[in-house]
Every structure is written in C-alpha cells, then in structure tokens.
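Overview (structure and organization)
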Amino acid sequence: MPARLTAYPPDGAALVRVIEEGTTYRVGRASMCELRIEHASVSRFHAELEWRGEAWLLSDTGSKNGLRVNGHMVRSAELDASTWFSIGDVQCSFERIDDAAAAAHRSVGLSRREVSRALSAQLQQPDVGMSTLIPQMLDMVLQLSGLDRGFVLYADAGQALRVHASRALRKADFSGDRFAGSASAVERTLATRKSVVCCDTSDSPWLAQRPSVRLGGIRAVICTPLLMQDGATGVIYADSRTPGPPVTELDLELVENVAGAAATALEAARLRDRISGLIDALPDGEAPLWEELRRMPA
C-alpha cells in the first residue's frame, strides 16, 4: 500500500514524497538516499523504510540521534495508518494512502510544473519592460508558493536596493524597525546568493527570535535571489502570517524556476532600455539608421 511521507526540517522546505511498496527507502543526508533530508541532526544513512507485506517498517540504521515514534525512542517500529515520528530533530508525518491518491499527487506535481514553465515563458516576451516585468514576476511567485504577501528588491550595479513592487504591504511596512518582512531572510539571501526557505518560523533556530518575524507574526517564508551577471542584484520575497500548507521542495523548485527566467528577462529588458536611450540621444539625422537595432530582441 502506498504512503505519503512529509518531513519538516526546522529551517528548510518540507519534503513530500509518495512511497511505493516493493522498494526499500534509505533516509538520511547522503545524496544516494531515496528520501534525502538535509539537516545537521540527520545522519548520512539514518534509517530505512520498507514495506513488509502488511505494514511499513521504520528501522534505525545506526544513526547518531536516533528515531522517535509517537514520542518514544525506538530501534524499529511498524507505522500505523497515520503516524508522527522524528528523525533526529526533523519531525515527519506518515500517512497511508490509496492508489488513486498516489496518482493524484503525481498528477498535481506534473501540472504545477507545467504552470511554472508557462509562467516563465510569459516573462520572456521581447517587448515587456521592467515596470511590467517586476510586478508580474512577484505575482507569479505568490501564485506558485501559495503565500500571501511579497515584494521585490532590485538595484542596478552600484546602486542601492529599493522596493520595486509589493503585494499586501504598505509603504510604512518597509520603514526602519517596523519592517514587516523577515530582514534576516533577505540579508542571508543577498549574502549567500541562495534561497532561504522556512515552512514554520516558530521551529527555526535562526528566525524564531528575530524581531521582524515575531512582531510581524510571520509563519512561512521564501526568499530567492535574482541571479544576474552584470552586477545588478535583487531578491524576490514572499511570506505568510496565517497557518497553512507547508512550503515544500516543489514550491521552492517552481519559484526558483520563475526567478531564473525573471533574472534573464530583467537583463534583456535593461539592455533594450540602454539601446533605446542611446538611439534617442543620437542626432535626428542619424537616429533612423538605428531604428532596426531598437526593434531587435536583446
């Protein structure tokens, strides 16, 4: 019988997998694990999960921090139809599902990836300017992540970052110590040029006590960089203040796909703007010679 496993790392995206009978799943940090959970408390090969004909068996494979099933430390345990267990410090939920639910899970994943590809393609339209492009990519990220609020910080090379688009936030929400988002998530994303994800800030060791998180009541966060090659920099930030489905690895994958397409589109839009500026600065008699260049895709 198939089952759905959801792992909730304290400071990362939730891992959601449908597991099928007939396969033994290794659980751990190692890249060859079928169920890979990247967290410091999880051993490289922490546990195994296998179907035993009538039940799923979870077994410790010599981990450092052990297994707990329903709060009790165990070496192995048969999992009930619905069970909570922990692998190191990572809480996991296990739920048996039928074949129809397993097929629906896979279908939804494929459908959402198709939506992400279609949205990314919209950003590549050659005549979309930056004033349209930036709000458009923010709306796409909010749609794909299921989060409520967001903004885009962006700056050309050598310029200061500023907010170029926002949703469900007021101007006052960005001022000083009243900043309504997670400043630490933005700072980490800019410093590492990697996405920051948290599906439950109350469990995150580095976010839970941050004033902007506590005062803003933030529950979930995605912050992903705009990776550009010419010195420009930016981030797309989204969060939610209400409990809801966890931010998953699939959510992050789709958001990063859109961010990658957006970064490419921003570079192209800036190049078109520069070309237009150069053409407009030419003497009237020379400008027509360059009109074809203006119409060319970047």
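The preceding data block contains the structure.
Since the model is a prediction, treat every value here as computed from it, not as a measurement.

**Some thoughts on the overall build of the protein chain**
Scanning the protein chain from N- to C-terminus turns up 6 helices and 16 strands. By the burial criterion, 46% of the 298 residues in the protein chain qualify as buried. Long-range pairs, those at least 24 residues apart, make up 54% of the contacts in the protein chain with a sequence separation of at least 6. Summing over all exposed atoms, the protein chain offers an accessible surface of approximately 15,100 Å²; the carbon and sulfur share of this is 51%.

**Some thoughts on helix α3 (residues 183–192)**
Taken as a whole, α3 has its buried residues at Ser184, Ala185, Val186 and Thr189. For α3, the secondary structure elements touched by its buried residues are β12 (149–155), β14 (196–198), β15 (220–225) and β16 (233–240).

**Side note on the side chain of Arg149**
Considering the arrangement of structural elements, one finds Arg149 in strand β12. Looking at Arg149, its side chain comes within polar contact range of the side chain of Asp239, at 2.8 Å.

**With respect to the sheet that holds strand β5 (residues 47–51)**
Taken in spatial order, the 5 strands make up an open sheet running β4-β3-β5-β6-β9, and their pairing is mixed. Of all strands in the sheet, those bounded by a partner on one side alone are β4 (35–36) and β9 (76–79). Here strand β6 (residues 56–60) runs beside β9; their pairing, made up of 4 bridges, is antiparallel. Paired with Ser59 across the strands is Ser76, a residue of β9.

**Comments concerning the packing of aromatic side chains**
Counting across every chain of the model gives 4 aromatic pairs. Ring geometry for Tyr8 against Trp84: centres 5.8 Å apart, planes inclined by 25 degrees, an arrangement best described as stacked. On the criterion of sequence distance, the pair formed by Tyr8 in strand β1 (residues 3–8) and Trp84 in strand β10 (residues 82–87) is long-range, its members being 76 residues apart. Residue Tyr8 is classed as partly exposed on the basis of its relative accessible area of 27%.

**Observations regarding the sheet that holds β12**
Spatially, 5 strands are ordered β13-β12-β16-β15-β14 in an open sheet, and the strand pairing comes out antiparallel. The open sheet is flanked by β13 (162–167) and β14, the only strands paired with a single partner. The sheet shows a mean angle of 15 degrees between the axes of neighbouring strands, taken without regard to direction. The sheet contacts of helix α2 (residues 130–145) involve β12, β13, β15 and β16, and relative to β13 the element is tilted by about 50 degrees.

The rules behind the values
Residues numbered from 1 in each chain as written. Predicted model: local features only at pLDDT ≥ 70, side-chain atom pairs only at ≥ 80, totals over all residues. Heavy atoms only, no water. Helix = DSSP H or I, 4+ residues; strand = E, 2+ residues; numbered from the N terminus. Buried < 20%, exposed > 50% of the residue type's maximum accessible area, 1.4 Å probe, protein only. Contact = heavy atoms within 4.5 Å. Areas by Shrake-Rupley, 256 points an atom, 1.4 Å probe, with all protein chains shown as cover. Polar contact = N/O pair within 3.5 Å; in protein donor to acceptor, adjacent residues only side chain to side chain. Pairing = 2+ DSSP bridges. Phe/Tyr/Trp six-rings, centres within 6.5 Å; stacked < 30°, edge-to-face > 60°. Axes fitted to C-alpha atoms, helices over the stretch in contact; angles between N-to-C directions.

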